[in-house]
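What the coordinates show
Take a look at the letters that make up each chain.
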Amino acid sequence: MSIERITPAEALRRQRAGAVLIDVREAHERAAGRAEHALGVARTELETDPAASVADRDAEVLLICQSGARSLLAAQALLEAGYTRVASVDGGTARWIAEGLPLAPPDAQADFYDRYSRHLRLPEVGEDGQRRLLAARVAMVGAGGLGSPAAYYLAAAGIGTLVLADDDHVDRSNLQRQILHTEARVGTPKVDSARIALTALNPHIEVIAFPERIDSGNVERLIADADVVIDGADNFPVRYLLNDACVKLGKPLIYGAVHRFEGQTSVFDAGRQRGQAPCYRCLFPEPPPPEAAPNCAEAGVLGVLPGVIGLLQATEAIKLILGLGEPLRGRLLHFDALGMRFRETRLRPDPGCAVCAPGLAFPGYIDYAAFCAAH
């Protein structure tokens, strides 16, 4: 049986006479504009269980999509399911809008569907995944070279709550690599500068400023409610402290570090996977001497390098929240910018680790500055 094809104007006339008009596009498409009083039922959902939307197989059913292609396919499926009066709207919603026909009131969720439309098109993310991102909380130590790109992309991705810890102020020397900050905000606390940039990009997320130097007295307050912790610190005492706190509280820690033209990143998840995943101390039982690992102020750093590593950290955070792919647990990823090469080192949990060994009670926080100075 051939499918009747009608104009939007004819569809409107029939709808007002009692026909059922069904928009078979996805929710994020309908949010951008749909015909007035049209039911929203995605094509796959309609074809799977048409009776849930239209119980009477003799009712007049009009189908509309974006341009008219999907509605034809859905109409064919309904005919095969026994529906006797089915028509498809030629030109779809695009033509309906172009002809000035009445539209439904703007969808309160229009921003959500429009802003995250490219995520919503990914079956691995979809609406459920995007809402998980919006419900997530990520704690980040450092709003500088690594924290800037990581926070920027996490805000864009729709991470609902970002907690940024940094007690520093914006300096002109930061601007070569710390992309959250601007010339106009030199002298501003970095967490305040970051909040301005991130909420300008995505006003629907919450950015919580934590303008404190991280120590054993406040670290748990920073990360206790976080789903993921990102290490953007530039010193070893904070890295060891973060690691120990994440092991104690069972938080995944996304590590990153840069030096001149090289960077590295990994995911340390020993707090949730004792004996299976390593922690930072399994990789570095003792810190290197200061002369072997000077900071950026002393050794310099290629400005784009923290961008590469920070984006890798943001990618791992999103994967962990969504449960996608293979995180960098037990793998240390090295990046050589001059050679434009990545290489990977396998990491194993240390059964004798002072913090994450199976069955070991948390030994307590130590004087991390003294620990690092002693080696």
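First, a word on scope: everything that follows refers to the structure included in this document. Only a predicted model underlies this, so the values are computations on that prediction, with no experimental measurement involved.

Criteria and cut-off values
- Residues numbered from 1 in each chain as written.
- Predicted model: local features only at pLDDT ≥ 70, side-chain atom pairs only at ≥ 80, totals over all residues.
- Heavy atoms only, no water.
- Phe/Tyr/Trp six-rings, centres within 6.5 Å; stacked < 30°, edge-to-face > 60°.
- Buried < 20%, exposed > 50% of the residue type's maximum accessible area, 1.4 Å probe, protein only.
- Helix = DSSP H or I, 4+ residues; strand = E, 2+ residues; numbered from the N terminus.
- Core = buried A, V, L, I, M, F, W, Y, C linked by side-chain atoms within 4.5 Å.
- Contact = heavy atoms within 4.5 Å.

1. Let's talk about the packing of aromatic side chains
A full pass over the atoms with the stated rule returns ten aromatic pairs. Centre to centre, the rings of Phe112 and Tyr116 are 5.7 Å apart; their planes meet at 65°, and the pair counts as edge-to-face. Residue classification places Phe112 among the buried positions, given a relative accessible area of 7%. Of the residues examined, Tyr116 reaches a relative accessible area of 4% and is grouped as buried. Ring geometry for Phe268 against Tyr280: centres 5.9 Å apart, planes inclined by 80°, an arrangement best described as edge-to-face. Within this pair, whereas Phe268 is found in strand β11 (residues 262-268), its partner Tyr280 is found in helix α13 (residues 280-283), the two being separated by twelve residues in sequence. The pair Phe268 / Tyr280 is uniform in exposure class, with both members buried. Through a chain of ring-to-ring contacts, the aromatic side chains of Tyr240, Tyr255, Phe268, Tyr280, Phe284 and Phe371 assemble into a single cluster.

2. Observations regarding the nonpolar core
Formed by 33 residues in total, the largest nonpolar core has its most connected members in Val138, Met140, Leu154, Leu162, Leu164, Leu198 and Ile230. Listing elements by their share of this core, those giving two or more residues are β6 (137-141), α9 (147-157), β7 (161-165), α10 (190-201), β9 (228-231) and α15 (305-322). Ranked by residue count, the leading element in this core is α15, at six residues. Apart from residues no more than four positions distant in its own chain, Val138 is found in contact with Leu154, Ile159, Thr161, Leu162, Val163, Val228, Ile230 and Ile321. Residues Phe210, Ala233, Cys246 and Tyr368 belong to the second largest nonpolar core, which totals 29 residues.

3. Here we look at unusual backbone geometry
Unusually for a residue other than glycine, His37 sits at a positive phi of about 65°. Along the chain, the position of His37 falls in the loop between α2 (27-30) and β3 (39-40). We note that Met340 has phi near 50°; this positive angle belongs to a residue other than glycine. Its location among the elements puts Met340 in the loop between β12 (331-336) and β13 (341-346). For Met340, a relative accessible area of 61% corresponds to the exposed category.

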